Amino acid sequence: AILALESLLASDGDVACCMHPAVLAALQAALASTSTSEAAICAACAILGRLLKRQRARQLFLPRSAGGVATLLAVYGRGGGAADAAQRVFEGLCDGDGEEGAVAAGAGRG
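In what follows, the accompanying structure is described. (Residues numbered from 1 in each chain as written. Predicted model: local features only at pLDDT ≥ 70, side-chain atom pairs only at ≥ 80, totals over all residues. Heavy atoms only, no water.)

## Quick look at the overall build of the chain
Here's step 1: When helices and strands are counted, the chain shows seven helices and zero strands.
Here's step 2: Of the regular secondary structure in the chain, the N- to C-terminal order runs α-α-α-α-α-α-α.
Here's step 3: Counting only residues that meet the buried cut, the chain has 30% of its 110 residues in that class.
Here's step 4: A separation of at least 24 residues holds for 68% of the contacts in the chain among residues at least 6 apart in sequence. (Helix = DSSP H or I, 4+ residues; strand = E, 2+ residues; numbered from the N terminus. Buried < 20%, exposed > 50% of the residue type's maximum accessible area, 1.4 Å probe, protein only. Contact = heavy atoms within 4.5 Å.)

Written out as structure tokens, the structure is:
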């Protein structure tokens with residue numbers, strides 16, 4: 001299902017359909033499961049990388065109480081392609097303010 005979702009997002013490009021807490025919880029559960037294939041983990045990380053560019057997704061996934069950071073760190077600890085995918089998520093968080101931040105910054109100009 002995660003691979004299908006990644007494929008859908010790659011063709012459609014609109015991550016708004018994934019901004020529901022249940023979708024983020026499903027991605028997190030897949031990342032936390034030791035039975036999830038590396039391909040599915042990489043797909044989940046790619047989806048998260050796109051979602052976390054939006055402030056609402058960061059608010060839902062990244063707080064300590066949500067456990068998202070701990071989950072990504074555990075994925076990183078597995079090594080291999082999964083670790084590379086988790087690292088890209090963290091790097092994406094550091095690359096800038098994301099889409100919403102850019103829109104808000106532009107709105108303040110005038």
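## A word on the packing of helix α5 (residues 68-77) against helix α6 (residues 80-94)
Here's step 1: For the pair α5 and α6, interaxial distance at closest approach is 7 Å and the crossing angle is 145 degrees. Residue-level inspection shows V69, L72, L73, V75 and Y76 of α5 in contact with α6, the latter providing A82, A83, A86, Q87, V89 and F90.
Here's step 2: A per-class count over the contact of α5 with α6 returns ten nonpolar, one polar and no charged. (Axes fitted to C-alpha atoms, helices over the stretch in contact; angles between N-to-C directions. Nonpolar A, V, L, I, M, F, W, Y, C, P; charged D, E, K, R; others polar.)

## Here's the deal with the environment of G67
Here's step 1: Topologically, G67 is positioned in the loop between α4 (55-61) and α5.
Here's step 2: Given the relative accessible area of 18%, G67 is considered buried.
Here's step 3: Between the alpha carbons of G67 and A25 there is a distance of 10.0 Å; along the sequence they are 42 residues apart.
Here's step 4: Here G67 is in contact with Q28 and F61, once residues within four sequence places are set aside.

## Some details on the side chain of T36
Here's step 1: Note that T36 resides in the loop between α2 (21-32) and α3 (38-51).
Here's step 2: A polar contact is formed between the side chain of T36 and the backbone oxygen of A30, at a distance of 2.6 Å.
Here's step 3: Not counting the four nearest positions on each side in its chain, T36 is found in contact with A30 and I41. (Polar contact = N/O pair within 3.5 Å; in protein donor to acceptor, adjacent residues only side chain to side chain.)

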